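# Overview (structure and organization)
The residues making up each chain are set out below.
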Amino acid sequence: MKIAETEKSLFLFPNFPACEKFLGKVFHSFNLIFIKMAKVKVKFRPTSSKSKGKAGTIYYQICHKQKSRQITTGIHIRTRHWDEVNECIMRPKNEREKFLLRYQKKIDLGILHLNKIIKQFDDSLKPYHVSDITEMYRKTCISQSIMAFFREEIVNCKKSNKLGLMRSFISTYHSVSSFISGNDMPFFMISGVFLEKYETWLRKRGCVRNTTSFYMRILRSVYNKAVKCGLVEQTFPFKDVYTGVDHTIKRAVDEDVIERLQELDLRRFPPLALSRDLFVFSYFMRGMSFVDLAFLKKSDIEGGIISYVRRKTGQRLAIHIEPCMSRIIKNYEAKTAHSRYVFPIIHTKEPGKAYTQYKVALNYHNRKLKRLGRLLGTELSISSYTARHTWATNAHKHEVPLAIISAGMGHTSEKTTQIYLESIDNEVIDKVNKALLEKFNDEEQQAF
């Protein structure tokens, strides 16, 4: 049936709304096929003859309903680098021209973004103009950019004084930036395939499972925040990505190691003496973490009690000062006479600089602890975390209930404390099993 005849039949038989609705869809389909298909092209505008030697400009040309608009890519190249036939940048001929690959990748991402916008307009079944496409692109090309959004979050963390979180964002930002060769990309490009490639890339660079999981968790938090801001539609790309935490083997040292550390004569080596005292003090303080040691203030000490808030959990702990703790505190009173901190680790009041000083001190502290371990002749590698695990282990050996150990360490859950004690429990089980199998072992030895 021809279209003219169809319109005539509708006029003669007005009591058929279903037919009218059906033909309306048909006319709309014709409209989509022949009118609404906007096109995106990449063009190069060379410099004028008066400006020889200068780079030309690459731009997008959007054509729709016999009208066109241009959007600059912000990319400028020499004429010799442009392939006019294929409308793309030529492949680099040497190492010095590798930047051309980054430029082409940026162009490809822009085309993907524009085509996604056009598809959204087409799917809406509403008429639109070429200016609508360009306006939507300008609104979203920055707001939907992953790296730009990352930078905003880093600034927000700094303003909120969340320096630890800021450092995590910065680390992930650089990792993702390296993976996409320093380019930027819209959020809708994050897919299961993209994350799988990113995870493979991380592993090839030597990242262990916990490290890849760390980057994925930070990237997921940024993605989810972009979803809340309406910058991207939630497609759950992280559902098949590992974002858990593998429990690493934590090692404790025996109580006699603490005693031997105290007996070391380190008067000729003040830096080693400081690390020894901080390690022992951490043990005395029920495994106080190094960050809490570094930021422990003199105002936190009152009435024979050290009261401080754990930086990791925000939980307040109050610990009675024993003579062994008091001796270590007094050793550094002269060095910290003009400081608000108990130990000579942080020397500034500016939060950003203080956090940097803490991170540098932590790395230096762990290196010195390894040296102390070698001086003791122990095979175990000692770190700042060893003191915390040692306190939990020795408390467990003295049959202290799990609930008390958990409260003493400032854990929010006994499950966290149980992680510290898994290796101890295994040792106990092995001893029991050995006793049960002892007669079988004897019989086997007699057989031989």
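Computed from a prediction, not measured in an experiment: that's the story for all the values here.

### With respect to the packing of aromatic side chains
- This structure, assessed with the given rule, holds 20 aromatic pairs.
- Consider the rings of Tyr198 and Trp201, whose centres lie 6.1 Å apart with planes at 25°: the pair is stacked. In this pair, Tyr198 and Trp201 are both assigned in helix H7 (residues 192-204), 3 residues apart and thus about one turn of the helix distant. As far as burial versus exposure is concerned, Tyr198 and Trp201 are alike and both buried.
- Ring plane angle 80° and centroid distance 6.1 Å describe the contact between Phe295 and Tyr341, whose orientation is recorded as edge-to-face.

### A few points about the sheet that holds strand E7 (residues 305-309)
- Across the sheet, which stays open at both edges, the 3 strands sit in the order E6-E7-E8 with antiparallel pairing between neighbours. Every other strand in the sheet has two partners, leaving strand E6 (301-302) and strand E8 (316-320) as the edge strands with one partner each.
- Two elements, E7 and E8, share 5 bridges in a ladder whose sense is antiparallel. Each bridged residue has a counterpart across the sheet, and for Tyr308 the counterpart in E8 is Leu317.

### Digging into the sheet that holds strand E3 (residues 67-77)
- Read across the open sheet, the 3 strands follow the order E1-E2-E3; overall the sheet is antiparallel. Pairing within the sheet leaves two strands with one partner each, and these edge strands are strand E1 (39-45) and E3. Neighbour to neighbour, the strand axes of the sheet diverge by 25° on average, direction disregarded.
- One ladder, built from 9 bridges, connects strand E2 (residues 56-64) with E3; its direction is antiparallel. From the neighbouring strand, Tyr60 faces E3, where its bridge partner is Ile71.
- Across the sheet, helix H3 (residues 99-123) lies against E1, E2 and E3, angled at about 155° from E3, the strand it touches most.

So, how was this worked out
Residues numbered from 1 in each chain as written. Predicted model: local features only at pLDDT ≥ 70, side-chain atom pairs only at ≥ 80, totals over all residues. Heavy atoms only, no water. Phe/Tyr/Trp six-rings, centres within 6.5 Å; stacked < 30°, edge-to-face > 60°. Helix = DSSP H or I, 4+ residues; strand = E, 2+ residues; numbered from the N terminus. Buried < 20%, exposed > 50% of the residue type's maximum accessible area, 1.4 Å probe, protein only. Pairing = 2+ DSSP bridges. Axes fitted to C-alpha atoms, helices over the stretch in contact; angles between N-to-C directions. Contact = heavy atoms within 4.5 Å.

Any link to function would need more than the numbers given here.
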